[in-house]
Amino acid sequence: MLVNGPGDRVLDWDAVRWRTVEDQVRRLRQRIFAASQAGDLKKVRNLQKLMLRCRANALMSVRRVTEINAGRKTAGIDGEVVTDAEQKTDMVDWLQHGTAAWSPRPVKRVFIPKGNGRRRGLGIPVIADRALQALVVNALEPEWEARFEPRSYRFRPGRGCHDAIVAIHTTVSRTDAKRVWILDADLAAAFDHLDHDHILGSLGTFPARGLVRQWLRAGVVDQGRFAPTEEGAPQGGVVSALLLNVALHGMEAAAGVRYYTNGTLAGKTVKGCPAVIRYADDLLALCYSREQAEQVKARLANWLAPRGLVFNEDKTRVTILDQGVDILGFNIRRYLNGKLLTKPSNAALRRIRLKLSIEMKRLRGSNADAVTATLNPIITGWAAYYRIGVSKRAFAALDAHVWRLVYKWARFRHSNKPMYWVKARYYGAFNPARADKWVFGSRDSGFYLRKFAWTPIVRHRMVAGTASPDNPALSDYWTERRRRRTPPVGKDTLRRLRAQNGRCPLCRGLLLHTDREPQTPHQWQQWLTAARTAIRRQAITIASAHQPDGYTATRLVHAHCHRNHTKSVGGHRTSDDL
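Throughout, a residue's number is its position along its own chain's written sequence, starting from 1. Selection of residues for local features in this predicted model requires a pLDDT of at least 70, selection of side-chain atom pairs for listing and counting requires 80 or more, and totals for whole chains, interfaces and linings are taken over all residues. To get the side-chain values, all heavy atoms of the structure are used, and hydrogens and water are removed first.

### Things to note about the overall build of the chain
Move 1: Runs of E in the DSSP output that reach at least two residues are strands. Runs of H or I that reach at least four are helices, and both are numbered from the N terminus. Tallying secondary structure elements over the chain gives 19 helices and 16 strands in all.
Move 2: Here the chain holds 578 residues, and 50% of them are scored as buried.
Move 3: Summarising the internal contacts of the chain: among those between residues at least 6 apart in sequence, 67% fall at separations of at least 24.
Move 4: On the chain, roughly 28200 Å² of surface is accessible, and the fraction owed to carbon and sulfur atoms is 51%. For every residue, the accessible area (1.4 Å probe, protein chains only) is compared with the maximum for its type, and the residue is labelled buried under 20%, exposed over 50%, or partly exposed between those bounds. Residues count as neighbours in contact if any of their non-hydrogen atoms are within 4.5 Å of one another. Each accessible area is a Shrake-Rupley result for a 1.4 Å probe, and residues are judged covered by the shown protein chains and nothing else.

Here it is as structure tokens:
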């Protein structure tokens, strides 16, 4: 089956060879990156036009918004979602041949709670606009990946929270480090106030610039009322995150950051100038003095004004490293003994304790299996995110907190039973890999509750400089980086992952993408929940020419591949499909 022709049609969505599709899109992204890096704007535009009409790109875009993204079942103002193979096939054909007369629809306003008790407003585009935006992102992102500054980490492939944390720690960890004054800054409602003219001017002659303009000005529907959008980009759109990075490109230069370009210090920050680490609209400027930090703040305030952005003064402050700074759930502080430690912040510890307590109250009346099924993803996800810091003491304290919650739950459930009876029923050496007789679990099913301390501390290796997965010269670097990264899964799962060379046997795609690693404790929880649903010893029936009746094998598969597999008629796959 061809995947890049102008008139071919996908006859069977489930028969698409996704590894071939991904390879084609990756090669085209790399060509765009190389042309942008070389400054050949004409070639960049021609390749972007090719990407926009590429059938492989259309296939990947539809798959992203209908199978991979967490909001795949969330409808826009039209109430439409795409779930079956025929609908996905029709959407691929529409992306290639039916978008000429398309006019982007307004986004649906929804609100989600924030950690501080407030609500964050999201804009949910209709499914057709989400697929079209994913198509455009694959054409626009590689061009800007060749331009972006080295120390911006959010909404970029191959980068994330852990890279930002390690970048901060590395900059101030040397014994002779003098950047001890920190501008801890936050932008006020960055997505809601982006200046449209500045974004469109930055895009230049991008072939889909007109579509971007229509998305920015499509309007918002809130409780049935339409409101036009004169500024901002809807937080929730596929393309919005990239547009924010485009708008904030150049922040390091505006703050006065300079890098050595030659010699052994190439890529490092010049002595005397500040260092800026940005994670979306959160940033830290590491400076030599309070005066320099105030100067950086004044420069950036003037630089942000034409972009429609201002600092959130309630969250922006100048502090010193000895007092510590909280960012992305971690606390980075230099103590009196001179040691610099990166630990889970007190606010993060309060949030996880509160979340665990609320969940346990909801589980009163449930059985032990329900407790383990609810708490295990939370525990494993939180530990997977904070395992890069000095977290052993925090893990031990949280394990003690969980023990008290679970023991209280057991005594509440069996209030008329003595302590030794409760212990005999719910506690024991359920985990054969550990000599721990106080593991909570079920005698009937054998399922048991994990502990935070079982997650080993792993030092994260920061992504190097401006390295991008789109750079064709760094293919070996990203392959090695993927190989060195150990996911927080069990030993049996890890063994199977290595035996399969990290690939799904149904679509031959990578099970763990370096550019799609979860970035928050909640995302780790979602990822681990989906992975456990799809890979917990799934028996896949495989028909083979040598074994006509088929045989049953245990494989690790993608969650979306597992969903499609269970829907297939008879549940059979031929050996050619594998």
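### With respect to the sheet that holds strand β1 (residues 107-113)
Move 1: Taken in spatial order, the four strands of this open sheet run β2-β1-β4-β5, and their pairing is mixed. The open sheet terminates on both sides in strands that have one partner only, identified here as β2 (119-124) and β5 (225-227). Looking at each pair of strands side by side, their axes are set apart by 40° on average, direction ignored.
Move 2: Pairing between strands is defined by DSSP: at least two bridges between the two strands are required. As judged from the two bridges shared by β1 and strand β4 (residues 220-222), these two strands associate in the parallel manner. Counterpart to Lys 108 in the pairing with β4 is Val 221. All axes here are fitted lines through C-alpha atoms, helices being fitted over the stretch that makes contact, and every angle between N-to-C directions spans 0 to 180 degrees.

### Some thoughts on the side chain of Arg 159
Move 1: Mapping Arg 159 onto the fold places it in the loop between α5 (127-145) and α6 (161-173).
Move 2: Within the buried core, Arg 159 has no salt-bridge partner, and the shortest N-O distance to an opposite charge, that of Glu 145, equals 5.2 Å.
Move 3: At a separation of 3.5 Å, a polar atom in the side chain of Arg 159 contacts the main-chain carbonyl oxygen of Ser 152. Positive: Lys, Arg. Negative: Asp, Glu. His and the chain ends are not part of the count. Put simply, a salt bridge is a Lys or Arg side-chain nitrogen that is within 4 Å of an Asp or Glu carboxyl oxygen. Here a polar contact is taken to be a pair of N or O atoms separated by no more than 3.5 Å, where protein atoms must pair a possible hydrogen donor with a possible acceptor and residues adjacent in sequence count only if both atoms sit in side chains.

### Here's the deal with the nonpolar core
Move 1: If you look at the biggest cluster of nonpolar residues, it comprises 85 residues, and the most contacted ones within it are Leu 248, Leu 300 and Leu 304.
Move 2: Of all the elements, α5 adds the most residues to this core, at 11 residues.
Move 3: Sequence-distant contacts of Leu 248, that is, excluding residues within four places in its chain, are made with Leu 187, Arg 278, Ala 280, Trp 303, Leu 304 and Leu 309. Remark: nonpolar core denotes a set of buried residues (Ala, Val, Leu, Ile, Met, Phe, Trp, Tyr, Cys) joined through side-chain atoms within 4.5 Å.

### Quick word on the sheet that holds strand β11 (residues 340-344)
Move 1: Within the open sheet, the three strands sit side by side as β9-β10-β11. Their pairing is antiparallel. The two strands at the open ends of the sheet, each matched to only one other strand, are β9 (325-327) and β11. Strand-to-strand twist in this sheet, taken as the mean axis angle between neighbours without regard to direction, amounts to 25°.
Move 2: Of the strand pairs in this sheet, strand β10 (residues 330-334) and β11 are connected by five bridges, and their pairing is antiparallel. Opposite Arg 333, over in β11, you have Leu 341 as the bridge partner.

### Examining the pattern of salt bridges
Move 1: One pass over the structure, following the stated rule, counts 16 salt bridges.
Move 2: In this structure, the salt-bridge partner of Arg 147 is Glu 143, at a minimum N-O distance of 2.5 Å.
Move 3: Between Arg 317 and Asp 184 there is a salt bridge, and its shortest N-O distance comes to 4.0 Å. Taken together, the residues Arg 317 in strand β8 (residues 317-320) and Asp 184 in strand β3 (residues 181-186) connect sequence positions 133 residues apart.
Move 4: For Asp 184, a relative accessible area of 13% gives the class buried.
Move 5: In this structure, a network of salt bridges that share partners links the residues Glu 22, Arg 63, Glu 67 and Lys 88.

### Points about the pairing of β10
Move 1: Where burial is concerned, most of β10 is hidden: four out of the five residues are buried.
Move 2: Where β9 and β10 come together, three bridges link them in antiparallel fashion. Looking across to β10, one finds that Ile 327 is bridged to Phe 330.
Move 3: The hairpin formed by β9 and β10 contains two residues between the paired strands, and Leu 328 there has a positive phi angle of roughly 55°.

### Thoughts on helix α14 (residues 392-413)
Move 1: In a regular helix each residue adds 1.5 Å, so 22 residues correspond to 32 Å; α14 covers 31 Å between its end C-alpha atoms and thus fits that length.
Move 2: Residues of α14 that are buried include every one of Ala 394, Phe 395, Leu 398, Asp 399, His 401, Val 402, Leu 405, Val 406, Tyr 407, Trp 409 and Ala 410, and no others.
Move 3: Check the buried side of α14 and you find it contacts β11, α12 (346-362), α13 (368-386), α15 (419-426), β12 (427-428) and β13 (439-440). In this scheme, a helix's expected span is set at 1.5 Å multiplied by one less than its residue total.

### Brief notes about the environment of Asp 84
Move 1: Examined against the element boundaries, Asp 84 turns out to sit in the loop between α3 (55-68) and α4 (85-97).
Move 2: Counting along the chain gives 18 residues from Asp 84 to Thr 66, while the straight-line C-alpha distance between them is 9.3 Å.
Move 3: A distance of 3.2 Å separates a polar atom in the side chain of Asp 84 from the backbone nitrogen of Glu 86.
Move 4: Within the structure, Asp 84 has its side chain in polar contact with the backbone nitrogen of Gln 87 (distance 2.7 Å).

### Topic: empty space enclosed by the protein
Move 1: The definitions used throughout rest on a 1 Å grid laid over the protein atoms alone, on which a cavity is an enclosed set of points accommodating a 1.4 Å probe that cannot get out and a pocket is an open set flanked by protein within 12 Å on both sides along at least five of seven lines; lining residues are those having an atom within 4 Å of a point. Grid points are joined across faces, edges and corners, and a volume is the space filled by probe spheres set on the points. According to the stated counting rule, one finds three cavities of 30 Å³ or more in the structure shown.
Move 2: Roughly 50 Å³ of volume is contained in the second largest cavity.
Move 3: As for the second largest cavity, its lining consists of Arg 105, Val 107, Pro 125, Asp 129, Gln 133, Trp 215, Ala 218 and Pro 234.
Move 4: All amino acids are sorted into three groups, where Ala, Val, Leu, Ile, Met, Phe, Trp, Tyr, Cys and Pro are nonpolar, Asp, Glu, Lys and Arg are charged, and the leftover types, Gly among them, are polar. Residues that form the lining of the second largest cavity fall into these classes: five nonpolar, one polar and two charged.

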